[in-house]
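Summary of the model geometry
Chain by chain, the residues:
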Amino acid sequence: MSSHYLSTSLRRVGATAAALLAPVVAFAQEAAPAAAEAAAAAPVPDKGDTTFMFISTLLVLFMLIPGLALFYGGLVRAKNMLSVLMQCTVVGAAMMIVWVIYGYSFAFGGSESAYFGGFAKLFLAGVTVDSTAATFTDGVVIPEYIFMLFQMTFAAITPALIVGAFAERIKFSAAVLFSVLWATFVYFPIAHMVWDGNGLLFNMGALDFAGGTVVHINAGIAGLVGAIMVGKRTGYGRDMMAPHSMTLTLVGAAMLWFGWFGFNAGSNLEASGGAVLATVNTFLATAAAVLSWCVVETLTRGKASMLGAASGMIAGLVAITPAAGIAGPMGTIIMGLAVSPLCYFFVSVIKNKFGYDDTADVFGVHGVGGFFGALATGIFASSSLGGIGYAEGVSMGGQFMTQLTAVVITIVWCGIVSAILYKVVDAIVGLRVTVEAEREGLDLSSHGEAAYHVS
């Protein structure tokens, strides 16, 4: 074959191919600007916001392990120290797995239901490195993975908070099983109702910046129900049951305060002024509550205790959680000063009057502090009191009633479902260890270990 014939054939083939591909090329040329325009219009996560959310997520994990574990561990007797550490650790780990399998979908799955997030994001379906989650600012997004992880740490620590109410006498298997069931039927629905755009309480206009209802009222009510249904510790009211290490309790409380900045500021979802306001309020409410608890103890018992200071610290953190990015600094101080006397009254008077054994005062601090914080948010959100203000057409009285409605719905839902779940767990594995195991201590009887070895 001559070179002339070959070159002529190639030119003919090239011309034919060009003619056939011309419509495709023209379509691509027309589509390219549209695709580029669409890509340019899609919001891109800011690296600063993403980094901020990474840090906030890790801070909330620090609240759980080791913060909450050490706080509760110091409050129990030495023979039960490891059991509390194990319950906090394993409950947290179990919740992380449950969250990615179905919890994230149940809470934020995109369903239009007012009570349930749906099944669309089971096993994190559709959550990729490119998917994003909205923030409170139009056009500002963060990677969906980091939003999912941030919310996962909330789901992990909330059931662990309940552990303190029935510490020193519950079976390890019962604590873990109850936590998984409780999260499924209480935490995930309430989280959807409060924080999802389709949620019942969200659309009512209830304000809960970082979890006053979702985390603290929920945990407080479940803890109270559990303390009653599991029953009192053997020897309660007769034997010495003082905290074995106030040193560790303070270390744990300080870790909680430190991690709580991620809890509150991170709930702003952006590294903006709202996060800074939440940080300011997390400092001030907590400091005010510590001082207030010390004053109340001094007036009522003549001395301020380390246990009281640590309790005031947690009470202040609980109270400001729903208002962290909403109230102003001066209103925040008032909230901190007011919450400690209220919690102190429930811890020292109401608990003794009714005789329930809430080991770490989960209800007295988290539940009562959560009630107060949620209701006070409706007041101190007012711009006249330094807050960010109400939605258009909403008055202080109207917002307060909305907050009260949200609190009542949370109490009823959590209280009824929790009682049912305790019964279910009792039927499956039993709630309590034996009296012999309780007297020996759960460290040895449940885990075969001891927290301390004296040589």
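Basis of the calculations
Residues numbered from 1 in each chain as written. Predicted model: local features only at pLDDT ≥ 70, side-chain atom pairs only at ≥ 80, totals over all residues. Heavy atoms only, no water. UniProt positions renumbered as here; feature names shortened; annotations may be inferred. Patch = residues over 30% accessible without salt bridge, like charges linked within 9 Å, V, L, I, M, F, W, Y side chains within 5 Å. Areas by Shrake-Rupley, 256 points an atom, 1.4 Å probe, with all protein chains shown as cover. Salt bridge = Lys/Arg side-chain N within 4 Å of Asp/Glu carboxyl O. Helix = DSSP H or I, 4+ residues; strand = E, 2+ residues; numbered from the N terminus. Axes fitted to C-alpha atoms, helices over the stretch in contact; angles between N-to-C directions. Left-handed = near helix turned anticlockwise from the far one by under 90°. Nonpolar A, V, L, I, M, F, W, Y, C, P; charged D, E, K, R; others polar. Buried < 20%, exposed > 50% of the residue type's maximum accessible area, 1.4 Å probe, protein only. Phe/Tyr/Trp six-rings, centres within 6.5 Å; stacked < 30°, edge-to-face > 60°. pLDDT = per-residue confidence, 0-100. Contact = heavy atoms within 4.5 Å. Expected span 1.5 Å × (residues − 1).

The protein has the name Ammonium transporter in an unreviewed UniProt entry, where Sinorhizobium alkalisoli is given as its organism. A UniProt comment under Subcellular location (unreviewed entry) is attached to the protein, and it reads "Cell membrane".

1. Some words on a nonpolar patch on the surface
On the surface, Met 401, Leu 404, Val 408, Val 412, Ile 416, Ile 420, Val 424 and Ile 428 cluster together to form a nonpolar patch covering roughly 680 Å² of accessible area. Positionally, Val 424 belongs in helix H13 (residues 396–428).

2. Re the packing of helix H3 (residues 81–108) against helix H5 (residues 172–195)
With their axes 9 Å apart at the nearest point, H3 and H5 run at an angle of 35 degrees to one another. Seen along the crossing, H3 lies across H5 with a hand that is right-handed. Grouping the amino acids of the contact of H3 with H5 by side-chain chemistry returns 19 nonpolar, five polar and no charged.

3. Re the UniProt feature "domain: Ammonium transporter AmtB-like" (unreviewed entry) in the protein
According to UniProt, the feature "domain: Ammonium transporter AmtB-like" (unreviewed entry) maps to residues 52–452 in the numbering used here. Taken end to end, residues 52–452 has its terminal C-alpha atoms 39 Å apart, with 68% of it in helix and 1% in strand.

4. Re unusual backbone geometry
The phi angle of most residues is negative, glycine excepted, and most peptide bonds adopt the trans form. Geometrically, the link from Ile 65 to Pro 66 is a cis peptide bond, its omega value of 10 degrees lying close to zero. As for its placement among the helices and strands, Pro 66 is situated in helix H2 (residues 47–75). A positive phi angle, close to 55 degrees, is found at Phe 123, a residue other than glycine. Relative to the assigned elements, Phe 123 resides in the loop between H3 and strand S1 (132–134). On the basis of relative accessible area, Phe 123 is assigned to the exposed category, the value being 64%. Unlike most non-glycine residues, Glu 168 shows phi in positive territory, near 85 degrees. Mapped onto the elements, Glu 168 comes out in the loop between helix H4 (144–162) and H5. Classification of Glu 168 as buried rests on a relative accessible area of 1%.

5. Digging into the packing of aromatic side chains
Summed over all chains, the structure comprises 28 aromatic pairs. Look at Phe 108 and Phe 147: their rings are 5.3 Å apart centre to centre, the planes differ by 75 degrees, and that puts the pair in the edge-to-face class. Of this pair, Phe 108 sits in helix H3 while Phe 147 sits in helix H4, and the two are 39 residues apart along the sequence. A single burial state applies to Phe 108 and to Phe 147, both of which are buried. Ring geometry for Tyr 187 and Phe 188: centres 6.1 Å apart, planes at 75 degrees, overall edge-to-face. Residues Tyr 187 and Phe 188 agree in their burial class; the two are buried.

6. Remarks on the confidence of the model for the protein
Averaged over every residue, the pLDDT of the protein is 92; the share at 70 or more is 91%. Segment residues 1–28 is flagged for pLDDT under 50; beyond a separation of four residues in sequence, or across chains, it makes one contact in the model.

7. Quick notes on H4
Its 19 residues give H4 an end-to-end C-alpha distance of 28 Å, which sits within 8% of 27 Å, the value for a rise of 1.5 Å per residue. Within H4, 17 of the 19 residues are buried, which leaves it mostly tucked inside the rest of the structure.

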